[in-house]
Amino acid sequence: MQLRSLFFTLALVLLPPAVHADAGHDHGEAPAAAAGPGLPRFAATSDLFELVGVLDGKKLALYLDHAGDNSPVKEAQLELDIAGTRVPVTRVAEGEFQAALAAPLAEGVSPVTATVVAGTETDLLAGEIDVHAAAHAHAEPAGRRNALVAGAVGAVLLALGAVWGLRRSRAARVGGAA
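Residues numbered from 1 in each chain as written. Predicted model: local features only at pLDDT ≥ 70, side-chain atom pairs only at ≥ 80, totals over all residues. Heavy atoms only, no water.

**A short note on the overall build of the protein chain**
Phase 1: Within the protein chain one finds 2 helices and 9 strands.
Phase 2: Each helix and strand of the protein chain, placed in order from N terminus to C terminus, yields the pattern α-β-β-β-β-β-β-β-β-β-α.
Phase 3: The 178 residues of the protein chain split such that 21% are buried.
Phase 4: Sequence-distant contacts in the protein chain: of pairs separated by 6 or more residues, those separated by 24 or more amount to 47%.
Phase 5: Only carbon and sulfur atoms are counted for the fraction: they give 59% of the accessible area of the protein chain, which is about 12,800 Å². (Helix = DSSP H or I, 4+ residues; strand = E, 2+ residues; numbered from the N terminus. Buried < 20%, exposed > 50% of the residue type's maximum accessible area, 1.4 Å probe, protein only. Contact = heavy atoms within 4.5 Å. Areas by Shrake-Rupley, 256 points an atom, 1.4 Å probe, with all protein chains shown as cover.)

Structural data, given as structure tokens:
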């Protein structure tokens with residue numbers, strides 16, 4: 001009987017209670033968490049323009065806005081140079097461009113230079129893109145890792161409590177029979 005009460009006591013102490021919000025206190029669906037690592041990107045700004053590039057493998061999405069009001073730059077021409085290599089750019093929409101790299105970028109920091117021509121305005125933008133290996137791509141989220149560690153510690157404590165309870169009950173039976 002002592003083993004059963006020890007088990008329940010340990011379970012109550014180690015396992016947190018389930019807490020549920022009652023009517024009117026839930027906050028709806030939780031926002032979806034981002035899955036996977038972020039893509040490498042760069043930003044290059046001047047007094048006139050802001051250029052952001054997002055690299056996905058050999059594809060590069062480019063977004064060009066006016067620095068003053070963040071509106072897309074209309075009818076702009078964009079020339080791009082990454083690490084000394086000219087990269088052909090295609091306009092997709094107002095302020096949106098795409099480019100295809102001939103080869104994936106090398107790991108590390110690469111300089112990016114962009115020439116923007118929009119109407120009578122011309123500007124040279126400079127930035128850097130930092131590409132890392134997918135070393136962090138397979139890392140587990142910290143919350144899941146912490147939950148697994150807590151569960152393992154709880155299981156070990158329960159097992160130790162059960163062994164301790166068995167030994168006490170055996171010792172009581174052996175001592176009581178004498």
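**Observations regarding the sheet that holds strand E1 (residues 41-45)**
Either a parallel or an antiparallel arrangement is found when strands of a sheet pair, and the pairing is made through backbone hydrogen bonds.
Phase 1: With antiparallel pairing, 5 strands are arranged side by side in an open sheet as E1-E2-E3-E7-E6. Sheet topology places E1 and strand E6 (89-93) at the edges, where each strand pairs with a single neighbour. Shown here is a sheet whose adjacent strand axes are inclined to one another by a mean of 20°, direction ignored.
Phase 2: Two strands pair when backbone bridges link them, and strand E3 (residues 59-66) and strand E7 (residues 96-100) are joined in this way by 5 bridges, in the antiparallel orientation. The residue of E7 that forms the bridge with Lys59 is Ala100. (Pairing = 2+ DSSP bridges. Axes fitted to C-alpha atoms, helices over the stretch in contact; angles between N-to-C directions.)

**Observations concerning a nonpolar patch on the surface**
Phase 1: Together, Val153, Val156, Leu157 and Leu160 make up an exposed nonpolar region whose accessible area comes to about 350 Å².
Phase 2: By the secondary structure assignment, Leu157 is in helix H2 (residues 142-177). (Patch = residues over 30% accessible without salt bridge, like charges linked within 9 Å, V, L, I, M, F, W, Y side chains within 5 Å. Salt bridge = Lys/Arg side-chain N within 4 Å of Asp/Glu carboxyl O.)

**Focus: the sheet that holds strand E8 (residues 108-118)**
Phase 1: As summarised here, the arrangement of the 4 strands in space is E5-E4-E8-E9, forming an open sheet in which the pairing is antiparallel. Two strands bound the open sheet, and with one partner strand each, they are strand E5 (85-87) and strand E9 (121-131). Between one strand and the next, the sheet's axes are offset by a mean angle of 25°, whatever the strand orientation.
Phase 2: Relative to E5, strand E4 (residues 76-82) runs antiparallel, the two being bridged by 3 bridges. Considered in E5, the bridge of Ile82 is made with Thr85.

**So, the environment of Ala114**
Phase 1: The residue Ala114 is located in strand E8 in this model.
Phase 2: Separated by 33 residues in the primary sequence, Ala114 and Asp81 place their C-alpha atoms 6.3 Å from one another.
Phase 3: Apart from the residues lying within four places of it in its own chain, the contact partners of Ala114 are Leu51, Leu78, Glu79, Leu80, Asp123, Leu124 and Leu125.

**Observations regarding the pairing of E8**
Phase 1: Here E4 runs beside E8; their pairing, made up of 7 bridges, is antiparallel. Residue pairing for E8: Gln77 is matched across the bridge by Val117.
Phase 2: When E8 meets E9, the two strands line up antiparallel, connected through 11 bridges. Within E9, the position partnered with Val116 by the bridge is Asp123.
Phase 3: Counted between consecutive antiparallel strands, the loop separating E8 from E9 contains 2 residues, among which Gly119 sits at a positive phi close to 65°.

**Notes on the pattern of salt bridges**
Phase 1: Applying the stated criterion to the full structure yields 1 salt bridge.
Phase 2: Among the salt bridges present, the one from Glu94 reaches Arg91, with a minimum N-O distance of 2.7 Å.
Phase 3: Residue Glu94 is classed as partly exposed on the basis of its relative accessible area, which comes to 32%.
Phase 4: The exposure class of Arg91 is partly exposed, given its relative accessible area of 42%.

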